[in-house]
Amino acid sequence: MKTLIVGGGGREHALAWKAARSKGVTRVLVAPGNAGTATEEGVENVDIGAEDIDGLLNLAKSEGIDLTIVGPEAPLAAGIVDRFAEAGLACFGPNAAAARLESSKAFAKDFMARHEIPTAGYKVVEDVETGKAFVQELGLPVVLKADGLAAGKGVIIAEDMDTVESTLEDMLSGNAFGQAGSRVVIEEFLVGEEASFIVIADGDKVLPLASSQDHKRRDNQDQGPNTGGMGAYSPAPVVTDAVHEQIMHDIVEPTLVGLKSDGCPFTGFLYAGVMLTADGPRVLEFNVRFGDPEAQPVLMRLKSDLIEVINRTLAGELDQIELEWDKRYALGVVMAAGGYPGSYEKGRPIHGLDAELPEDVKVFHAGTRLADDGQVATSGGRVLCLVALGESVAKAQARAYQWLAQVGFEDAFYRTDIGYRAVDRDSEGG
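Residues numbered from 1 in each chain as written. Predicted model: local features only at pLDDT ≥ 70, side-chain atom pairs only at ≥ 80, totals over all residues. Heavy atoms only, no water.

(A) Here's a closer look at the sheet that holds strand β8 (residues 155-158). Spatial ordering of the open sheet is given by β6-β9-β7-β8, a layout of four strands whose pairing is antiparallel. The open sheet has two edge strands, β6 (122-125) and β8, and neither has a second partner. On average, each strand axis in the sheet is inclined to that of its neighbour by 20°, with strand direction left out of account. Note: strand β7 (residues 142-146) against β8, four bridges, orientation antiparallel. Bridging across to β8, lysine 145 finds its partner in valine 155. (Pairing = 2+ DSSP bridges. Helix = DSSP H or I, 4+ residues; strand = E, 2+ residues; numbered from the N terminus. Axes fitted to C-alpha atoms, helices over the stretch in contact; angles between N-to-C directions.)

(B) Structural view of unusual backbone geometry. Note that the residue after alanine 31, namely proline 32, is joined by a cis bond; omega there is 0°. With respect to the helices, strands and loops of the structure, proline 32 is situated in strand β2 (residues 27-32). With an omega of 10°, the peptide bond running from tyrosine 340 to proline 341 counts as cis. Backbone geometry places glutamine 221, a non-glycine residue, at a positive phi of 60°. For glutamine 221, the location among the structural elements is in the loop between β13 (217-219) and β14 (223-226).

(C) Region of interest: the pattern of salt bridges. A full pass over the atoms with the stated rule returns 29 salt bridges. Salt-bridge contacts for arginine 11 lead to glutamate 12; the nearest nitrogen and oxygen are separated by 2.7 Å. Across the pair, glutamate 12 and arginine 11 agree in class, each one buried. A salt bridge links aspartate 214 to lysine 216; its shortest N-O distance comes to 3.3 Å. Since its relative accessible area comes to 12%, aspartate 214 is described here as buried. Through salt bridges with shared partners, one network takes in Asp222, Arg415, Asp417 and Arg421. (Salt bridge = Lys/Arg side-chain N within 4 Å of Asp/Glu carboxyl O. Buried < 20%, exposed > 50% of the residue type's maximum accessible area, 1.4 Å probe, protein only.)

(D) Looking closely at the side chain of aspartate 214. Among the secondary structure elements, aspartate 214 is positioned in strand β12 (residues 213-214). Within the structure, the side chain of aspartate 214 is placed 3.3 Å from the side chain of lysine 216, a separation counted as a polar contact. Residue contacts for aspartate 214: discarding those within four places in its chain leaves Ser196, Gly228, Gly229, Met230, Gly231, Ala232, Tyr271, Pro293 and Glu294. (Polar contact = N/O pair within 3.5 Å; in protein donor to acceptor, adjacent residues only side chain to side chain. Contact = heavy atoms within 4.5 Å.)

(E) Quick look at the pairing of strand β9 (residues 184-188). Of all five residues that make up β9, four are buried, and the element is covered over most of its length. Looking at chain direction, β6 and β9 are connected through four bridges and run antiparallel. In the strand pairing of β9, valine 125 is matched with valine 184. Pairing of β7 with β9, which is carried by five bridges, proceeds in the antiparallel orientation. Its bridge partner being in β9, lysine 145 is matched across the sheet by valine 185.

(F) Geometry of the nonpolar core. With 75 residues, the main nonpolar core has Ile80, Leu101, Ile247, Ile251, Phe266, Phe286 and Leu331 as its most contacted residues. Residue contributions to this core peak at seven residues, all from helix α10 (residues 241-261). Residues in contact with leucine 101, not counting those within four places in the same chain, are Phe107, Ala108, Phe111, Thr255, Leu259, Leu270, Phe286 and Val288. Core analysis: the second largest hydrophobic core is formed by 40 residues, Ile198, Tyr271, Leu306 and Val387 among them. (Core = buried A, V, L, I, M, F, W, Y, C linked by side-chain atoms within 4.5 Å.)

(G) How the structure looks around the pairing of β7. For β7, a buried count of five out of five residues is recorded, marking the element as mostly surrounded by other parts of the structure. Burial of the side chains of β7 extends over both faces: Val142, Leu144 and Ala146 are buried on one face and Val143 and Lys145 on the other.

If you want it as C-alpha cells, here you go:
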C-alpha cells in the first residue's frame, strides 16, 4: 500500500520512518518533508505544503494513496480530513469540528467545563481591562494563552501585573500572534509535574500509547520562554499505573464521550497535556495530533506495525489491538537554532549527520533542507531531535548527549538536562 505523511517536521520524519518499516507499505510520500525524509530509505518528498489541501488531495488521487496520516494541527483545523472523506480517501485524524479542541483554546476550555473534565479555572477575554480585572480576582501568577493556533508558542506565564498588561496588549492587538490572539484565555497557574498522555481513538474506543514527558521551556531546569518542545522521553515514570487509570477515567474517556455527544466524534491521535497536581491530573491543553517531540521517542519504542494499527483503527478494530513496546527508555534532545523561539538565522550547514549510528540511536530532522549541493542546512527553529534508547532514563540520556555532541551547526543550542526529573527520581530511589 501507498502512504502519505502530511507535514515537514520531526514528528513527520518519525511517522515516515515508522511507516517505511511497515510490512504492508510499498511507498511513503511526505509533503513537504525535510532533508531527513528526503534521505530516509523508502521515503520520498513531494513539494506540496501541509496546508495546501487541494494540492494534497490531488496528489492522493493521482498517486493512488491508500492512507494519509496528518502530522500538524493546521491542516486538521482547516478540514483536510473532511475533504478527503468527501473524496472517499482514508485520512487519519479528526475532522475540523473535533479539531477545535486544539484550534481554539476557548472552545477547549468551555468544552471541559461543560463536560466536567478537570482543568484550571479560566476566563476568556477580548479586552485588556477585563483581563486585568480577572487576574486581580484570580491572583498571580497566571497563564495567558492566545486562543488560536500559535505553533506551540502562544503561552505566557505572567508573574506580575506589568507582564499581564503588556502580554494582553501584544496578544489582543495582533502584534504577537496575529488572529490567534484576538481572544485570550487567562488561567490559574497549576503546580505539579507535567506529562503527555497520547491515545489513538476511533470515535468510540481508545488505545493508550506509551506515556511521555515533554520539556516546553527553552532553558535548563524549565526556565526561559515556552517553545514547541526542547526534548522528550518515554515512558514517564511519573505516570504510574494509578495515575494512568485516573487520566483515562477522568479525562480521556469523558472527552471522547463529550465530543461524540456534541456531534463531533474524534478519530486520530488525541493528546492530553496534563498537570499532575496534588488534587489529581488537570488538563493543561489538548492537541489533536501526535506530539512533537514526543512522537520521536514514543515511536522509537513502538515495536508494533504503526500502519497496521492505524488501518485496523479505521476499520473499527481498535479494541482488538495490543501494542508491543521496547522495554527500554527512549530520550530525545532537540537541537535548535540560536534565537529560537524568537527570530533565528536559516541556511546554516549541519555537520556530523554522516556518522554511523547504532540501531538504537536515531537523528530525526525537523527544520532542515537539502541545499543544491546536497549539503543539509537549517531551515527552522527546531532543527534536529536525536533519540537514544537505554535501560534507564539516565542511560538513555547519557547516550543521547554522547551522540548529539557529534552533530552541530553555527549558533546551535540545546538543553543539557532533558529527562532530569526522571533521572532525579531514579537517583532518589523512586
